[in-house]
Every structure is written in structure tokens, then in C-alpha cells.
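The chain contents come next:
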Amino acid sequence: MIRSQNLNNAFFSSANDGSLEEVLETIGFQNQVATMDQTHSSEIAFADSNISYKCDGIYTNKTKLPLVVKTADCVPLLMESSKGVSATHAGWRGLEKSIFEKSLDIHEISSLKISIGPHARKCCYEVGVEFLKTFNNSVNKVNDKYYLDLTKNIKQFAFENNINLEDTNVCTICNKEYFSYRKNKTIERQFSFIWI
Ligand SMILES: [Zn+2]
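Okay, so let's go over this structure. (Residues numbered from 1 in each chain as written. Predicted model: local features only at pLDDT ≥ 70, side-chain atom pairs only at ≥ 80, totals over all residues. Heavy atoms only, no water.)

Ranked by size, the top nonpolar core spans 25 residues in total, and within it Leu77, Met79, Leu95, Phe100, Ile114 and Leu148 carry the most contacts. Taken together, the elements giving at least two residues each to this core come down to β8 (75–81), α3 (99–105), β10 (113–116), α4 (131–135), β13 (145–148) and α5 (152–160). Every residue in contact with Phe100, bar those within four places of it in the chain, is listed here: Leu77, Met79, Leu95, Ile114, Ile154 and Phe157. Counting 17 residues, the second-largest nonpolar core is a separate cluster that includes Met36, Leu65, Val69 and Val85. (Core = buried A, V, L, I, M, F, W, Y, C linked by side-chain atoms within 4.5 Å. Buried < 20%, exposed > 50% of the residue type's maximum accessible area, 1.4 Å probe, protein only. Helix = DSSP H or I, 4+ residues; strand = E, 2+ residues; numbered from the N terminus. Contact = heavy atoms within 4.5 Å.)

Here's what the structure looks like:
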């Protein structure tokens, strides 16, 4: 488990940390968690109880209600500001539909802090040439292959707006301790948590 150094209460699990229930218990919660039925949309919902919301981003200002995002290769994006905390499922489909920008809308930028969890990185995340159309500045060409850097625009935004951003720097594809759908079509997921 990786504990965020940037956010007050935030953790990223690995493949070694067990089920959602086990990971919750490790961080001091039992059954209290707001989850999402993630569909690679750009829907954002306010969470105020321990149920599953139909969206790909949740936020709350309620204390002691952990939000969880489940990922294998997509980006788990955790954020906190004076307005509350949020957990976002940001894969290429969600990013294309502006889920990052929508997640910003519920925060207060001058107090915003961001933490980027384990995901498929540009070292391994090969994509087709068609990605140049929508992600042109985030695609690297190496030996006639194209690799997507999912968080390039997020980091650029943070840099330009003086936002405190932390990156775990873990690639789910080349790090054996992490689940990756790309690697072996696993149905297992990592869990990333944030709460107030
Ligand atoms: Zn890698």
C-alpha cells in the first residue's frame, strides 16, 4: 500500500493488499465506503453515503466517508481542496470526455492538491496511431510504435496553475505488484481511497 505524502488521507493499494473489505480494514474502516459503477463515462456525483454511484467521479465534503476508485490500467486521480475530496476514474475514454476538467469544477483551485496513482504509463502503454488525433501532445513515438502518456495534460495543468501534484510513478504494466488488464486481462483491480 502506498500512502499519499501530499493528501491528508489517501492510499493506493497493490495486488498484494487483498479484497476491498481487507484493504478498508487496513486503513481503519469497515463497510463504510462510497463506490462507483464505473463505465468510462465523464459523469461526476456527490457522495454522502456508503453506496455505489453510477458515475466515474465522486466527491464529498462529509467526514469519515472514504471514496474509492477501482482501476487496473486507468488513472486513479485523487484530489482535495477546501471544498472537499474527490476520486476519479480517468482512462483514455474518460479523459477524452473531459472527466479531469469536470473533476476540477467541484474543487477550489488555489487550495487544490492532486495525487496520481498507479496506472499504465508511457513506458508500456502502446496505442494505435489514431490516438494522435485526440491525444496528439500526449503520444510518444518510439521505434514506429505509439505510447500514450495519460497524465501529461493533468501535469501540465498543475504546473501552469501552481497546483501541488504528487505522482506515485508506478506503472501497472511493468510492475509485477499491480493488476493490469493490458498485461493479462485480469478482472482484479487496485483500490485508491481518499477521505476527510
Ligand atoms: Zn511500464
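Below, the discussion takes up the environment of Ser82. Of note, Ser82 is situated in the loop between β8 and β9 (84–90). Spatially, the C-alpha atom of Ser82 lies 6.3 Å from that of Glu108, the residues being 26 residues apart in sequence. Apart from the residues lying within four places of it in its own chain, the contact partners of Ser82 are Glu108 and Ser111. Only 3.1 Å separates the side chain of Ser82 from the side chain of Glu108, close enough to count as a polar contact. (Polar contact = N/O pair within 3.5 Å; in protein donor to acceptor, adjacent residues only side chain to side chain.)

One can find Asp149 in the loop between β13 and α5. Among buried Asp, Glu, Lys and Arg side chains, Asp149 stands out as unpaired, with Lys122 the closest opposite charge at 4.0 Å. The contacts of Asp149, once residues within four sequence positions are left out, are Lys122, Ser138 and Asn140. (Lys, Arg positive; Asp, Glu negative; His and termini not counted. Salt bridge = Lys/Arg side-chain N within 4 Å of Asp/Glu carboxyl O.)

This part is about the sheet that holds strand β15 (residues 190–194). Within the open sheet, the four strands sit side by side as β1-β2-β15-β7. Their pairing is antiparallel. Each edge of the open sheet is held by one strand with a lone partner, namely β1 (2–3) and β7 (67–71). Examined bridge by bridge, strand β2 (residues 10–12) and β15 share three bridges and lie antiparallel to one another. Across the sheet, Phe11 pairs through a bridge with Phe193, a residue of β15. (Pairing = 2+ DSSP bridges.)

That's the geometry; what it means functionally is another story.
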